[in-house]
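So you can see what is in the structure, the chains are spelled out below.
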Amino acid sequence: MIDVIKKTLLAGVGAAVITKEKVENALGDFVNQGKVTTEEARTMAAKIADQGRQEFEEASQNLSTKIKGLLKRTDEQTQARLAALEARVTDLETRLADSAKGE
């Protein structure tokens, strides 16, 4: 029953974030229509809120992991480019020093 009500709420609100107030209002409508009791509505509201928090935390953790991976890859690429540039500078300095000795 909770899944049906949750899906109904999600469909009614669309992709928008479901706020506690919206959940309570929708569940209040169900109580007024006699579809659920007040206690069932409270239980459902708590479960929906908990699920929302868990889903948000999981999404945040996944995003954080992806961002860290991207930054690590970017840092590795930057370090490789820096090492290549340092090698080129060293090579150019050596050539310049050799050229100055030959004059």
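Small disclaimer: the values here were computed from a predicted structure and weren't measured. (Residues numbered from 1 in each chain as written. Predicted model: local features only at pLDDT ≥ 70, side-chain atom pairs only at ≥ 80, totals over all residues. Heavy atoms only, no water.)

### Some details on the environment of M44
Thought 1: Tracing the backbone through its elements, the reader meets M44 in helix α3 (residues 38-102).
Thought 2: On the basis of relative accessibility, which here comes to 3%, the residue M44 falls in the buried class.
Thought 3: Counting along the chain gives 20 residues from M44 to E24, while the straight-line C-alpha distance between them is 9.4 Å. (Helix = DSSP H or I, 4+ residues; strand = E, 2+ residues; numbered from the N terminus. Buried < 20%, exposed > 50% of the residue type's maximum accessible area, 1.4 Å probe, protein only.)

### A look at α3
Thought 1: Between the first and last C-alpha of α3 there are 95 Å, a value that for 65 residues agrees with the 96 Å anticipated at 1.5 Å per step.
Thought 2: Within α3, burial applies to A41, M44, A45 and I48. (Expected span 1.5 Å × (residues − 1).)

### Quick notes on a nonpolar patch on the surface
Thought 1: Among the surface-exposed residues, L63, I67 and L71 lie close enough to one another that they form a single nonpolar patch of about 300 Å² accessible area.
Thought 2: Inspection of the secondary structure puts I67 in helix α3. (Patch = residues over 30% accessible without salt bridge, like charges linked within 9 Å, V, L, I, M, F, W, Y side chains within 5 Å. Areas by Shrake-Rupley, 256 points an atom, 1.4 Å probe, with all protein chains shown as cover. Salt bridge = Lys/Arg side-chain N within 4 Å of Asp/Glu carboxyl O.)

### What to know about the pattern of salt bridges
Thought 1: Applying the stated criterion across every chain yields a total of two salt bridges.
Thought 2: In this structure, E39 engages R42 in a salt bridge whose closest nitrogen and oxygen atoms are separated by 3.5 Å. Placement of the pair is E39 and R42 together in helix α3, with a separation of three residues, close to one helical turn. The same class applies to E39 and to R42, which are both exposed.
Thought 3: Here R95 ties to D91 by a salt bridge, and the two come within 2.9 Å at their closest N and O atoms. Here R95 and its partner D91 are both found in helix α3, four residues apart, which amounts to about one turn of the helix.

### Focus on the confidence of the model for the chain
Thought 1: Mean pLDDT over the chain stands at 81; residues scoring 70 or higher make up 81%.
Thought 2: Element-level pLDDT for the chain is lowest in helix α1 (residues 2-13), with a mean of 59, against a maximum mean of 88 in α3. (pLDDT = per-residue confidence, 0-100.)

### Let's talk about the packing of helix α2 (residues 20-32) against α3
Thought 1: As a packed pair, α2 and α3 sit with axes 10 Å apart at the nearest point and diverge in direction by 155°. Between α2 and α3, the angle is such that the two are roughly antiparallel. In terms of crossing hand, the pair formed by α2 and α3 is right-handed. Contacts between α2 and α3 involve V23, L27 and V31 from the first element and T38, A41, M44, A45 and I48 from the second.
Thought 2: In the contact of α2 with α3, the residues fall into seven nonpolar, one polar and no charged. (Axes fitted to C-alpha atoms, helices over the stretch in contact; angles between N-to-C directions. Parallel < 35°, antiparallel > 145°, perpendicular 65-115°, else oblique. Left-handed = near helix turned anticlockwise from the far one by under 90°. Contact = heavy atoms within 4.5 Å. Nonpolar A, V, L, I, M, F, W, Y, C, P; charged D, E, K, R; others polar.)

### Here's the deal with α2
Residues separated by three or four positions in an α-helix point in the same direction, a consequence of the helix having 3.6 residues per turn.
Thought 1: Given a rise of 1.5 Å per residue, 13 residues ought to cover 18 Å, and the 18 Å separating the end C-alpha atoms of α2 matches this to within 8%.
Thought 2: Residue G34 follows α2 closely and has a positive phi angle near 80°.

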